[in-house]
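# Chain and residue survey
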Amino acid sequence: MTIQIKDSSLLKTQAFIDGQWVDGDNGETFAVTDPATGEHLADIASVGAAETRRAIAAAERAMAEWKTLPAKSRSDVLEKWHQLIIENSEDLAIIMTAEQGKTLSESRGEVAYGASFVKWFAEEGKRVYGDIIPTPSDRRGVVVKQPVGVVAAITPWNFPNAMITRKAGPALAVGCAIVLKPAAETPLSALALVELANRAGLPTGLFSVLPGSDAPAIGGEMTANPTVKKVTFTGSTPVGKLLMKQCADSVKRTSMELGGNAPVIIFDDADLDIAVAGALTAKYRNSGQTCICANRLLVQEGIYDAFVEKFSAAVSEFRIGNGFAAETTHGPVITEKAAKEIHSKVENAVAEGATVVIGGQPGEQGACFYQPTVLTDVTDTMRVFREEIFGPVAPVFKFSTEADAVRMANDTEFGLAAYIYTESMGRSWRVSEAIDYGMVGVNETAISSEVIPFGGVKESGQGREGSKYGLDDYLETKYICFGALQR
């Protein structure tokens, strides 16, 4: 392995099951490569259903004691895990850039973001409150909240650190055990995180990580195993729907953070400079590979030309390349297949009449690169309007009235995040309430943090992650009735 970090013991290539680093039963491995260079980084143990079953059994055993500990005791372990993440943040960032491709500065930011969820839930886990309900008769109703049970988590490659801590943090804080399948493209980040969690003192078996190239085998065991009481998933809507169907047979709890098709609605009265800056961040962060990326830029006709000019000029200053290079502003997309899919959407738009203002071609830096692109003359019949692009391509649509903007924004089966730029307070409220999205940013696109409820509506998912609401998905509400209190 050619990744150079201070603590080489963070570079793991085996699965972590029941407190042990192990190979898969069949000895199979899968390769992890650097998307920027194509360089082979490591061969990772590939596990399947049998290993997943053992990890789930270990989780059940470990949880029996963990859930009975005082919340403060669980919090202390999570605080230690947080501290270890911070102390090893540079190594974690280097690992992430090597396997995922994002710039080192972005990786550093994600590690800090990921750590914030561990810190937040270490504290919030001590605030799981219940109720006492007075009744009309000689009884009292008591409501308590208890851990849901063993949690199975499946996480994506685009945020290989934070999407893990956003699930593991609340699960562990309230007393659950967790079994995790990380994305096959980025397992090294997950394995480094669980190594640090182990060092922090998590009980044996409480947190297992199952790398594998056979996702249906691992996911199938997670959804079928009766010991698993909840499945949490971040990824595509089609896979989320499949997992929900599989979970229905045993009526498991699910939380799903799925696809998006985020609009940025920019009205004539917006501060143009602020809107351009926000749209640039929302569209091109992580080379357009985030679920809350701006997918459609909806600009009112009165400022359309001025916006396109300023926006395109800023995009022309981007420098794509290896994420470790200081001059790089944007790295590669995750795979050559992803780059080809992005280009097919651009080709579809151009064939149907779109104009390429800048970019529009694969990058010359390698098979996983795509040029930052701006498209105009786009319509709602094109794939770039209907489908999540998940790449550095910004289609700029024109609208006339507020009603047009709302209609266009809602013309999608997705509903994760949306953004509005306007100087009108009344319009801010009207449009925010009229559009069907779980999160809305007004004159702001950097809306995510550990203290906000992250999640969508419609086919973008169910449940919320982060904030005080993020605990609810890992808790069951139990009602206890006490009678004969006058005896």
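Residues numbered from 1 in each chain as written. Predicted model: local features only at pLDDT ≥ 70, side-chain atom pairs only at ≥ 80, totals over all residues. Heavy atoms only, no water.

## Let's talk about the packing of aromatic side chains
- As enumerated under the stated definition, the model contains nine aromatic pairs in all.
- Residues Tyr113 and Phe117 carry aromatic rings whose centres are separated by 5.0 Å and whose planes lie at 75° to one another, so their mutual orientation is edge-to-face. Taken as a pair, Tyr113 and Phe117 lie in helix H4 (residues 104–124) at a separation of four residues, close to a single helical turn.
- A residue is classified by how much of its surface remains accessible, and Tyr113, at 14% relative accessible area, is buried. (Phe/Tyr/Trp six-rings, centres within 6.5 Å; stacked < 30°, edge-to-face > 60°. Helix = DSSP H or I, 4+ residues; strand = E, 2+ residues; numbered from the N terminus. Buried < 20%, exposed > 50% of the residue type's maximum accessible area, 1.4 Å probe, protein only.)

## Quick word on the state of the cysteines
- Summed over all chains, the structure comprises zero disulfides.
- Counting only cysteine sulfurs, Cys293 is the nearest neighbor of Cys291, a cysteine outside any disulfide, at a range of 8.3 Å. (Disulfide = S-S within 2.5 Å.)

## Structural notes on the packing of helix H13 (residues 402–410) against helix H14 (residues 425–434)
- At a minimum axis separation of 10 Å, H13 and H14 run at an interaxial angle of 30°. The orientation of H13 relative to H14 falls into the category roughly parallel. Considering how the two elements wind past one another, H13 and H14 form a crossing that is right-handed. Taking contact as the criterion, the partners of Glu402, Val406 and Asn410 in H13 are, on H14, Arg427, Arg430, Val431 and Ala434.
- Residue classes in the contact of H13 with H14 are distributed as three nonpolar, one polar and three charged. (Axes fitted to C-alpha atoms, helices over the stretch in contact; angles between N-to-C directions. Parallel < 35°, antiparallel > 145°, perpendicular 65-115°, else oblique. Left-handed = near helix turned anticlockwise from the far one by under 90°. Contact = heavy atoms within 4.5 Å. Nonpolar A, V, L, I, M, F, W, Y, C, P; charged D, E, K, R; others polar.)

## Here we look at helix H8 (residues 237–248)
- Taking 1.5 Å per residue as the helical rise, H8 with its 12 residues ought to reach 16 Å, and the 16 Å between its terminal C-alpha atoms agrees with that figure.
- For H8, the set of buried residues is Thr237, Gly240, Leu243 and Cys247. The buried residues of H8 all sit within an arc of 120° when viewed along its axis, so they share a single face. When the buried face of H8 is taken as reference, the exposed residues oriented beyond 90 degrees from it are Pro238 and Lys245.
- Lining the buried residues of H8 we find strand E7 (150–154), helix H7 (215–224), strand E10 (228–234) and strand E11 (253–257).
- At the N-terminal boundary of H8, the capping side chain belongs to Ser236, with an oxygen 3.4 Å from the backbone nitrogen of Val239. (Expected span 1.5 Å × (residues − 1). Arc of directions from axis to C-beta. Polar contact = N/O pair within 3.5 Å; in protein donor to acceptor, adjacent residues only side chain to side chain.)

## Describing unusual backbone geometry
- Despite not being glycine, Asn286 has its phi angle at roughly 55°, a positive value.
- In this structure, Asn286 sits in the loop between helix H9 (272–284) and strand E13 (294–300).
- Residue Asn286 is classed as buried on the basis of its relative accessible area, which comes to 2%.
- Phi is positive for Asn443, close to 55°, though the residue is something other than glycine.
- Relative to the assigned elements, Asn443 resides in the loop between strand E18 (439–442) and strand E19 (461–462).

## With respect to the sheet that holds E13
- Strand order in the open sheet formed by seven strands is E14-E15-E16-E13-E12-E17-E18, with mixed pairing between adjacent strands. The sheet is open, and its two borders are formed by strand E14 (355–358) and E18, each paired with just one other strand. Across the sheet, the axes of successive neighbouring strands diverge by a mean angle of 25°, strand direction being ignored.
- Of the strand pairs in this sheet, strand E15 (residues 373–376) and strand E16 (residues 393–399) are connected by three bridges, and their pairing is parallel. Of the residues in E16, the one forming a bridge with Val374 is Ala394. (Pairing = 2+ DSSP bridges.)

By themselves, these are just geometric observations and shouldn't be taken as functional.
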